[in-house]
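Residue strings, one per chain:
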Amino acid sequence: MLQDEKIVSNTEKNVQFYDSFYAQTDLNKIFRRLDKYASFLADARITDASWTAMYLDNFQDQLKGKRVLELGCGDCLNAGLMALLGAQVFANDLSSVSGQLVAALNERYQFTHPIQFIGCDFLEADLEENTFDIVVGKAFVHHLTPEQEQMFHQKINRILKKEGKVRFVEPAENSPLLDKIRFMIPVFERPSIFQRKKFAAWKEKDTHPDRENTTQYYKEIGLQYYEKVNVQVMGCVHRLHRLLPDSTFNRKFRRWAFRVERFLPKPVQVFFGRIQTIDYAIPRKK
C-alpha cells in the first residue's frame, strides 16, 4: 500500500471507530467531574497515569489566558478542564460527536472563552500561523502513521508562536519484552495474542498503526522541529495496578506507586515505564 493510501486508510479507520466510541460518552459523568474540576484534577493528577502525565509539573498553572489547541479532543473532558482553568481552547477531532460534546459543555459552563470546535483533519484545518501558545494531545500521536506525524509537526510549527510549547502524553514502549508480555494479557476488548483468531480480528479493527513509540524516537523527531525537547517516563510500578481488582485499594496503590517511583533510578523508570510526557518548545521556524 502506498504512503498516501495508508494515511487515508488510517484516517478513515479512526473516524469510523471514534464516531461509534464517543457516541457512548456519558455526559453526566463529564459534568460531574467538571462541576468539581479542582478536586477532580487534584486527585487525578496523582492517581491516574494519563492525567498525572498531562498535568505534570503543575501544567495547569501555565494555561490561564493562553491560546491552546488540543489535538484529538475525544470526549472533551480535558478541553473542558483547560477552559475552566482559563485557557482559550480550540478542540480538534475527526469525530463529529466531539463537536456535539463541545456544544454541550459550552451550554452548561460560562467559560471565559467558549471552546471552539475544529471538526476536520488537523492537516486540513484553516488556522492562522504564529497564533497558538500551546498545542496538546493526550494519547493522540500514537494513532498517527509516521508520515502523518511528520506532517503534523510541520503544521504545528507554523501555527505556534515563536516561544510556543507542545505537550503530548503517549504510551512508552521501551522494552520489547514487556510489550510481548502486555499482549499476552487480555484487557478490555483486546484478547490475548494466544487467542489467535480473536486477536487477529481485534488487530484488523485496531486504530493504532504499527509504529515506534520509544522515548528515543520521540526525542529524535522532536529535535527535528523544536529547539527544546524533554521526555519524562513514568508508570513502571503504577502499571501493576492492572493486576488488581478495581477498588478503592486499587486507587490507593496507584498513588503509592507514583510516590515510590520517584526514588528509582532513571534507567529503570525509562525501561519499565508505561507512559511518557513529551515536551517540545520553541519551534524551528522554516
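Use the structure listed above.
In this text the structure is predicted, and so the values were computed from the model without any measurement.

What counts and how
- Residues numbered from 1 in each chain as written.
- Predicted model: local features only at pLDDT ≥ 70, side-chain atom pairs only at ≥ 80, totals over all residues.
- Heavy atoms only, no water.
- 1 Å grid on protein atoms, 1.4 Å probe; cavity = no way out; pocket = protein on both sides within 12 Å on 5 of 7 lines; lining within 4 Å.
- Points joined across faces, edges and corners; volume = space filled by probe spheres on them.
- Helix = DSSP H or I, 4+ residues; strand = E, 2+ residues; numbered from the N terminus.
- Nonpolar A, V, L, I, M, F, W, Y, C, P; charged D, E, K, R; others polar.
- Buried < 20%, exposed > 50% of the residue type's maximum accessible area, 1.4 Å probe, protein only.
- Contact = heavy atoms within 4.5 Å.
- Pairing = 2+ DSSP bridges.
- Axes fitted to C-alpha atoms, helices over the stretch in contact; angles between N-to-C directions.
- Left-handed = near helix turned anticlockwise from the far one by under 90°.
- Salt bridge = Lys/Arg side-chain N within 4 Å of Asp/Glu carboxyl O.
- Core = buried A, V, L, I, M, F, W, Y, C linked by side-chain atoms within 4.5 Å.
- Patch = residues over 30% accessible without salt bridge, like charges linked within 9 Å, V, L, I, M, F, W, Y side chains within 5 Å.
- Areas by Shrake-Rupley, 256 points an atom, 1.4 Å probe, with all protein chains shown as cover.

J.: Looking at this structure, how should I read the layout of surface pockets?
T.: Summary: where empty space remains is shown by rolling a probe the size of a single water molecule over the atoms. Its volume calculated, the second largest pocket comes out at about 460 Å³. Along the walls of the second largest pocket sit 19 residues, with T52, L56, M234, F258 and R262 positioned nearest its centre. Counting residues per element, the ones that place at least two in the lining of the second largest pocket are α3 (37-47), β6 (226-234), α11 (248-261) and α12 (266-272). For the lining of the second largest pocket, the leading source of residues is β6, giving five residues. Its residues placed into classes, the lining of the second largest pocket shows eight nonpolar, four polar and seven charged.

J.: How should the side chain of S95 be read in this particular structure?
T.: Examined against the element boundaries, S95 turns out to sit in the loop between β2 (88-92) and α6 (96-108). You can call S95 buried: its relative accessible area is 2%. Setting aside residues no more than four positions away along its own chain, S95 makes contact with Y18, D19, Y22 and F117.

J.: Would you take a moment to explain the environment of Y18 for this structure?
T.: Within the secondary structure, Y18 sits in helix α1 (residues 3-22). It is 9.8 Å that separates the C-alpha atoms of Y18 and D75, two residues lying 57 residues apart in sequence. Sequence-distant contacts of Y18, that is, excluding residues within four places in its chain, are made with A23, S95, H143 and T207.

J.: It is not clear to me how the pairing of strand β7 (residues 275-283) should be interpreted in this structure. Could you clarify?
T.: For a regular strand, side-chain orientation follows a simple rule: the groups alternate between the two sheet faces. Here β7 lies mainly inside the structure; eight of its nine residues are buried. Where strand β5 (residues 160-171) and β7 come together, seven bridges link them in antiparallel fashion. From the neighbouring strand, R167 faces β7, where its bridge partner is D279. As defined by bridge partners, β6 adjoins β7 across eight bridges and the pair is classed as antiparallel. Looking across to β7, one finds that V233 is bridged to Q276.

J.: It is not clear to me how the packing of α3 against helix α5 (residues 77-84) should be interpreted in this structure. Could you clarify?
T.: The angle between the axes and the distance between the axes are what describe a pair of packed helices. Remark: α3 packs on α5, axes separated minimally by 11 Å, with the N-to-C direction vectors making an angle of 120 degrees. The chirality of how α3 crosses α5 is left-handed. Of the residues in α5, those in contact with Y37, F40 and L41 of α3 are L77, L81 and L84. Among the residues forming the contact of α3 with α5, the class breakdown is six nonpolar, no polar and no charged.

J.: In this structure, what is going on with the pattern of salt bridges? I would like to understand it.
T.: When the charged atoms of two side chains lie near each other, side chains of opposite charge can form a pair. Inspection of every chain in the model, using the stated rule, returns nine salt bridges. D48 serves as the salt-bridge partner of R251, at 3.2 Å between the closest nitrogen and oxygen. Pair noted here: R251 is in helix α11 and D48 is in the loop between α3 and α4 (49-54), with a separation of 203 residues, a long-range link. Salt bridges sharing common partners tie together D43, D48, R251, R254 and R255.

J.: What is the right way to read the nonpolar core from this model?
T.: One broad rule of soluble globular proteins: the nonpolar side chains tend to lie buried together. Membership of the largest hydrophobic core comes to 39 residues, with the highest contact counts inside it found for Y55, L63, L81, M82, L105 and I115. Of all elements in the fold, only α2 (27-35), α3, α4, α5, β2, α6 and β4 (132-138) reach the threshold of two or more residues within this core. The element contributing the most residues to this core is α5, with five residues. With sequence-adjacent residues up to four places away left out, L105 is seen in contact with I30, F31, L34, C76, G80, F111 and I115. In terms of nonpolar packing, the next biggest core, distinct from the first, is built from 26 residues, L71, F90, F132 and L144 among them.

J.: Is there a simple way to explain a nonpolar patch on the surface in this structure?
T.: The grouping of L177, I181, I185, L240 and L243 at the surface amounts to a nonpolar patch, some 470 Å² of accessible area in total. Looking at the secondary structure, you find L243 in the loop between β6 and α11.

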